[in-house]
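These are the residues of each chain, in order.
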Amino acid sequence: MNAATLEQDLDVAPVWKRLCDLDEIPRLGSRVVKSAAGDIAVFRNAGDEIFALHDKCPHKGGPLSQGIVHGTTVTCPLHSWKIDLGSGAAQAPDVGCTRRFKVKVEDGLVWLALG
Amino acid sequence: MKRSKLVLIGNGMAGVRTLEELLKIAPDMYDITVFGAEPHPNYNRILLSPVLAGEMTLQDIVLNELDWYRDNNIVLHTGRKISAIDRIKRKVIAEDGTAADYDRLLIATGSLPFILPIPGKDLPGVIAYRDIADTEAMIDAAARHKHAVVIGAGLLGLEAANGLALRGMDVTVVHLADWIMERQLDKSAADMLMQSLAAKGLKFRLGASTSELVAGESGRVCALKLKGGETLPADLVVMAAGIRPNVELAEKAGIHCNRGIVVNDTMQTFDPRIYAVGECANHRGTVYGLVAPLFEQAKVCANHLAMYGIGRYKGSVTSTKLKVTGIDVFSAGDFMGGDSVDEILLHDPAGGVYKKICVKDDKLVGAVMYGDTTDGAWYFQLLKDRQDIGEIRDHLMFGQSHIGDAGHAGQNKAVTMADTAEVCGCNGVCKGTIVKAIKEQGLFTLDDVRKHTKASSSCGSCTGLVEQILASTVGGAYQPAASKDKPVCGCTEHSHGDVRTAIRERKLLTIPDAMHALEWKTPNGCATCRPALNYYLISTWPHLAKDDPQSRFINERAHANIQKDGTYSVVPRMWGGLTTPDELRAIADVAEKYRIPTVKCTGGQRIDLLGAKKDDLPKIWADLGKAGMVSGHAYGKSLRTVKTCVGSEHCRFGTQRSMDMGVKLEKMLFGMWSPHKVKLAVSGCPRNCAESGIKDVGVIGVDSGYEIYVGGNGGIKTEVAEFLCKVKSDEEVKEYSGAFLQLYREEGFYLERTCHYLSRVGLDHVKKIVVEDATQRAALYERLLYALQDYEDPWAEANTKPAARREFEILEV
């Protein structure tokens, strides 16, 4: 996926959906959200930042939600591709990108934007 | 903050590698300026030979394109030679007047070819072999002239001669010593090499020295005169008689030099603001002329430039490999023999194979090989690791494939493989793809190749082959990491051994504590080091260190095996492989109720329910739990199964109650986490129907008791277990096997199977502690039982604790 289509994805007016309490996502862990757009993986890193990606590795579709989270990266459980949580892009030398979704935390509640 | 200024003199492999290492760890610390005398960006000098031979082009060997300098905000001055260093004003000045201030200066001016002081040395057509300009001059000469003479039959000289011959020239090599490559080869290997080079058309004059180069009518060189009086026609003379460190600039600046710029273990010169790396540096009396040591120096130097202040360069052991297509030569270490050195020799002149390995005090100290260098990388590793080879001495000569760690499918000679031949069966990578990546991406290490091609990155069984391909492609630049000292991952400089020791001696109890104490470079590690740390903590401090689920691979977090489609497989425990109608009924019910698509028997005598959805797992476990079944740990780096044969309870040949013994062992070891998976088997007689010979611990019943075998493996590389001891009673089987497994749990490195652990520490070490020392054995056994006490079935736990349950619950919007 190139940068232009990514921007388009994010330009769609967001519809914010309440997901869960921040505490219901483990630190350095994730939860899976079922949505009309397919499974979405919502990650929480050590600094309590939240990220959301389509739950499919750009390599062979592995469930990223099941990977180990470190820094702002998740390692796919199937073949250890490293995916950047912020951009959805695979770490070099691998090439690929997974779709990202907007998320926010307000008053300890996690919100996910679907559009 | 104002950034410091770093200036690099010498835009070559050692200097630029130092910058790369520096940018990795401290990208924003310096404003960097680079001066290079050549008009090119950094290129791979060791691949000049393939360029000369016409196998590659100059563009192929560029390591850092101009974009790289721009992207990293490095100011690059090519074609500008520095003429002076002003150490008082901290400034370097180039010949054209360009100047740059520095706070830190890195000198990497490399080496200069040694030019024989003979009449005619300055004639047109007389060149050295050092850089792109020399290579281009040779290619040009080969197109227009006929006769070439190469002075010096070292590595470089022979590669030059071979390249010129391939380009159609009539080449004679003049060499002072009695045999070619006398520093890298013994006479036997050198003679064989010379014969095969002669068969390619090269001519040799050994024990010969040049007295004069003669000019022709055009003013260009036309002949070379030897001291004996013989005259050789020569339109091109290549001087490859050695190199010397390029220290002119440093000497002029008053920096202490002695056959090279003298540096300490941090690569610092006598001026603390100035560092030196590469072929211009003299470290502990040695100047290294091969690429691999330079990379080690670069790493250390970068660490100190970044002010991390850790890491010392302690010198390198080097190996030699000649890059002449179709000829295989390898040498490393001290191979000339001598007192108290045993030489093991294999010489087959007709078959074109020569191997000599030198052994001193049960350590490999040197090796020379010609014709078959398959095991070069392995010998080099043994040499660097200073590994005790006493136990494998009798088959050392026959190589690694004989010991069981070479390529798969019987393929263990990389050179003979076609480019289209598959090397890595897991990821479908062919030899040609690997060679292409090594050349085009400028790869030097196994890790690099794994990252870029995926070859040998899954099961690892083709590692030996990939190393061979790497070694034959980059030649002397290839340096296998000394396995024992290899860092756990990119997050740390510490090896597995260091980390284990620190956790034990400093009583570290959590992952953040361990990372802090050991100065981890990343905030919370990566998917490689976190599971290792978690294991080391809980195995070293049972009941004190808390298990961290987020640092476990998904299988151990979900207590089931993830499959390619994201579903899971569930294997309930069947102690010793025994089951009951009730259990089978419960399994059948679960399979129907949760629409399990595949039900299969495993190799370890269990039933596998494949294709379960993750959110069904806790319900499946609850149903199985009602029938009394618990987790089978088919997913963990832990005790997997104890496989048994029927034994004397039913079998007419059985001598021991193997099922019963198997159940006892499995109940004892339930919930045992280990460096890697652990499989056991108990057979009731030497017919060994439970296949005890290929298990981590294999027990074989005999009439008078039990034999215990350890370190077997039926996986990637079949390894036959080694005999540990013979015992009489069931209780002793438990104690001896338990003590062995506890020793492995305490000393093994994460992801090291028992067979690899044993080959690292040696069976004798294990026997001394587990068999010969009753006190230590009892203590180990007690520590194992203590670690395992109160272990709760993870399936039951996931159903009772809400936090554990959350892992399996899906959110909906």
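Throughout this document, residue positions are counted from 1 along each chain, in the order its sequence is written. Chains carry letters and ligands carry numbers; both start at the beginning, A for chains and 1 for ligands, and go up in the order they are written. Confidence filtering applies because this is a predicted model: local features only for residues at pLDDT of at least 70, side-chain atom pairs given and counted only at 80 or more, and all residues used for totals across whole chains, interfaces and linings. Note that water and hydrogens are dropped before the side-chain values are worked out from all heavy atoms of the structure.

### As for the overall build of chain B
Part 1: In this description a helix means any DSSP run of H or I spanning at least four residues, a strand means any run of E spanning at least two, and both kinds are numbered starting from the N terminus. Broken down by element type, chain B carries 27 helices and 37 strands.
Part 2: Computed over its C-alpha atoms, the radius of gyration of chain B comes to 31 Å, within 12% of the 28 Å expected for a compact globule of 813 residues.
Part 3: Viewed in the frame of its principal axes, chain B has a C-alpha envelope of about 105 × 70 × 50 Å.
Part 4: Note on exposure labels: buried denotes an accessible area under 20% of the residue type's maximum, exposed denotes more than 50%, and partly exposed covers the range between, all computed with a 1.4 Å probe on protein chains only. Put simply, chain B has 813 residues, and 54% of those count as buried.
Part 5: Contacts: residue pairs with any heavy atoms within 4.5 Å of one another. A fraction of 62% describes how many contacts in chain B between residues 6 or more apart in sequence connect residues 24 or more apart.
Part 6: Of the roughly 34,300 Å² of accessible surface on chain B, a fraction of 50% belongs to carbon and sulfur atoms.
Part 7: Across chain B, 98 positive and 102 negative side-chain charges occur, with their mean positions spaced 2 Å apart. Values of the radius of gyration come from C-alpha atoms, whereas the globule rule sets the reference at 2.2 Å times the count of residues to the power 0.38. Working definition of accessibility: Shrake-Rupley area with a 1.4 Å probe, residue cover restricted to the visible protein chains. The positive count covers Lys and Arg only, the negative count covers Asp and Glu only, and His and the chain ends enter neither. For charged residues, the charge sits on one atom: NZ in Lys, CZ in Arg, CG in Asp, CD in Glu.

### Remarks on the overall build of chain A
Part 1: In terms of helices and strands, chain A carries one helix and 10 strands.
Part 2: Put simply, chain A runs from its N terminus to its C terminus through helices and strands in the order α-β-β-β-β-β-β-β-β-β-β.
Part 3: Partitioning the contacts of chain A with sequence separation of at least 6, the portion at a separation of at least 24 is 43%.
Part 4: In the form shown here, chain A has an accessible surface area of approximately 5,200 Å², with 49% of it arising from carbon and sulfur atoms.

### Focus on the sheet that holds strand β16 (residues 236-239) of chain B
Residues and elements named next belong to chain B.
Part 1: Any two strands are treated as partners once DSSP identifies two or more bridges connecting them. The strand order β9-β16-β10-β11-β12 describes an open sheet built from five strands, whose pairing is parallel. Every other strand in the sheet has two partners, leaving β9 (126-128) and β12 (203-205) as the edge strands with one partner each. Strand-to-strand twist of the sheet, defined as the mean angle between neighbouring strand axes without regard to direction, takes the value 25°.
Part 2: Here strand β11 (residues 170-174) pairs with β12 via three bridges, running parallel. For T172, the partnering residue across the bridge sits in β12 and is K203. Where helices are involved, their axes are fitted lines through C-alpha atoms of the stretch in contact, as for all axes, and angles between N-to-C directions lie from 0 to 180°.

### Thoughts on the interface of chain A and chain B
Part 1: Listed per partner, the contact involves 30 residues of chain A and 28 residues of chain B.
Part 2: Both sides of the chain A and chain B interface together cover about 2,400 Å² of buried area, and 62% of this is carbon and sulfur.
Part 3: Salt bridges, as used here, are contacts in which a Lys or Arg side-chain nitrogen is within 4 Å of a carboxyl oxygen on Asp or Glu. At the boundary of chain A with chain B, the tally comes to one salt bridge.
Part 4: Between A:D94 and B:K454 there is a salt bridge; the shortest N-O distance is 2.9 Å.
Part 5: Contributions of two or more residues to the side of chain A that touches chain B are made by β1 (15-21), β2 (29-34) and β5 (68-70) of chain A.
Part 6: Residue type decides the class: Asp, Glu, Lys and Arg count as charged, Ala, Val, Leu, Ile, Met, Phe, Trp, Tyr, Cys and Pro as nonpolar, and the leftover types, Gly among them, as polar. Within the side of chain A that touches chain B, the residues separate by chemical class into 15 nonpolar, seven polar and eight charged.
Part 7: Pairing analysis gives two bridges linking β2(A) to strand β37 (residues 811-812) of chain B, with the strands arranged parallel. Each residue of the ladder has a partner; that of A:K34, found in β37(B), is B:E812. Throughout, the accessible surface (probe 1.4 Å) given up by two parts as they are put together, summed over both, is called the buried area.

### Considerations on the sheet that holds strand β25 (residues 363-370) of chain B
Residues and elements named next belong to chain B.
Part 1: Taking strand neighbours across the sheet as the criterion, the five strands line up as β21-β22-β25-β24-β23 in an open arrangement whose pairing is antiparallel. With one partner strand each, in any of the chains shown, β21 (319-321) and β23 (342-348) form the two edges of the open sheet. The average undirected angle you get between the axes of adjacent strands in this sheet is 10°.
Part 2: As paired elements, strand β24 (residues 353-360) and β25 share seven bridges and run antiparallel to each other. Residue pairing for β25: I357 is matched across the bridge by A367.
Part 3: Those strands touched by helix α9 (residues 376-385) are β21, β22 (329-333), β24 and β25, and its axis lies near 160° from that of β25.

### Let's talk about the domain arrangement of chain B
Part 1: Each assigned domain of chain B is listed here: domain 1 (4-111 + 245-305), domain 2 (126-241), domain 3 (496-552), domain 4 (555-626) and domain 5 (639-788).
Part 2: Each of domain 2 of chain B and domain 4 of chain B has a C-alpha centre, and the two are 71 Å apart. As used throughout, domain bounds are those supplied by an automatic or database domain assignment.

### Observations concerning the pattern of salt bridges
Residues and elements named next belong to chain B.
Part 1: Per the stated rule, a full pass over the model turns up 52 salt bridges over all chains.
Part 2: Of the charged contacts in the structure, one is a salt bridge between K121 and D122, with a shortest N-O distance of 3.4 Å.
Part 3: The class of D122 is exposed, set by a relative accessible area of 67%.
Part 4: Here the residues in one salt-bridge network are E649, R657, D660, K664 and D730, joined through shared partners.

### Description of the pairing of β24(B)
Residue and element names in this part refer to chain B.
Part 1: Taking burial as the measure, the eight residues of β24 include seven buried ones, the bulk of the element.
Part 2: In this structure, the hairpin formed by β23 and β24 is closed by a connection of four residues, where G352 is found at a positive phi of approximately 75°.
Part 3: Connecting β24 to the next strand, β25, in antiparallel fashion are two residues, including D361 with a positive phi near 50°.

### Details of the environment of B:L22
Residues and elements named next belong to chain B.
Part 1: Looking at where L22 falls in the secondary structure, it is placed in helix α1 (residues 13-25).
Part 2: In this structure the C-alpha to C-alpha distance between L22 and R805, which are 783 residues apart in sequence, comes to 45 Å.
Part 3: Leave out the neighbours within four places in its chain, and L22 touches L6, P27, Y30, I32, A302, L305 and A306.

### Details of the nonpolar core
Part 1: Remark: nonpolar core denotes a set of buried residues (Ala, Val, Leu, Ile, Met, Phe, Trp, Tyr, Cys) joined through side-chain atoms within 4.5 Å. If you look at the biggest cluster of nonpolar residues, it comprises 65 residues, and the most contacted ones within it are A:F43, B:V570 and B:I620.
Part 2: Per-element tally for this core: the top contributor is helix α17 (residues 529-540) of chain B, with seven residues.
Part 3: Leave out the neighbours within four places in its chain, and B:I620 touches B:V570, B:V590, B:Y594, B:I596 and B:A612.
Part 4: Grouped together as the second largest cluster of nonpolar side chains are 50 residues, B:I32, B:Y69, B:I82 and B:Y313 included.

### Some remarks on the packing of aromatic side chains
Part 1: In summary, the pairing rule links any two rings of Phe, Tyr or Trp, Trp by its six-membered ring, whose centres are within 6.5 Å, and it sorts them by plane angle into stacked for under 30 degrees, edge-to-face for over 60 and tilted for everything else. With the rule as written, the count across this model stands at 11 aromatic pairs over all chains.
Part 2: Here the aromatic rings of B:Y288 and B:Y313 are separated by 6.1 Å at their centres, their planes lie at 85°, and the arrangement is edge-to-face. Here B:Y288, found in the loop between β20 (281-283) and α8 (291-305), pairs with B:Y313, found in the loop between α8 and β21; they are 25 residues apart in sequence, far enough to count as distant.
Part 3: For B:Y313, a relative accessible area of 2% puts it in the buried group.
Part 4: The structure contains a cluster of three or more aromatic residues connected by ring pairs, namely B:Y535, B:Y536 and B:Y750.
Part 5: To sit over a ring, a charge needs its Lys NZ or Arg CZ within 6 Å of the ring centre and within 35 degrees of the ring normal. Its end group placed over the ring of A:W16, A:K104 keeps NZ or CZ at 4.2 Å from the ring centre.
Part 6: Seen from the ring of B:F808, B:K614 lies directly overhead, with NZ or CZ sitting 5.7 Å from the centre.

### Concerning the pairing of strand β35 (residues 705-710) of chain B
Residues and elements named next belong to chain B.
Part 1: With respect to burial, β35 is a largely interior element, five of its six residues being buried.
Part 2: When strand β34 (residues 697-702) meets β35, the two strands line up antiparallel, connected through six bridges. Counterpart to V702 in the pairing with β35 is G705.
Part 3: In this antiparallel pair of consecutive strands, β34 and β35, the connection spans two residues.

### Some words on α9(B)
Residues and elements named next belong to chain B.
Part 1: Counting buried residues in α9 gives nine out of 10 residues, a clear majority hidden from the surface.
Part 2: The complete set of buried residues in α9 reads G376, A377, W378, Y379, F380, Q381, L382, L383 and D385.
Part 3: Looking at the residues trailing α9, positive phi occurs at R386, about 50°.

### Quick notes on the side chain of B:T98
Residue and element names in this part refer to chain B.
Part 1: With respect to the secondary-structure elements, T98 resides in the loop between β5 (91-94) and β6 (99-101).
Part 2: T98 sits in the buried class, given a relative accessible area of 17%.
Part 3: Counted as a polar contact is a pair of N or O atoms within 3.5 Å, where, for protein atoms, one must be capable of donating a hydrogen and the other of accepting one, and residues adjacent in sequence contribute only when both atoms are in side chains. Within the local environment of T98, its side chain forms a polar contact with the side chain of R80, the two groups lying 3.2 Å apart.
Part 4: Dropping the residues within four chain positions of it, T98 is found in contact with F35, H77, R80, V92 and I93.

### Concerning unusual backbone geometry
The phi angle of most residues is negative, glycine excepted, and most peptide bonds adopt the trans form.
Part 1: Residue A:P93 follows A:A92 across a cis peptide bond; omega there is 5°.
Part 2: Mapped onto the elements, A:P93 comes out in the loop between β7 (82-84) and β8 (100-101).
Part 3: Located in the positive-phi region is B:H559, a residue other than glycine, with phi close to 55°.
Part 4: Relative to the assigned elements, B:H559 resides in the loop between α18 (554-558) and β28 (561-562).
Part 5: You can call B:H559 buried: its relative accessible area is 15%.

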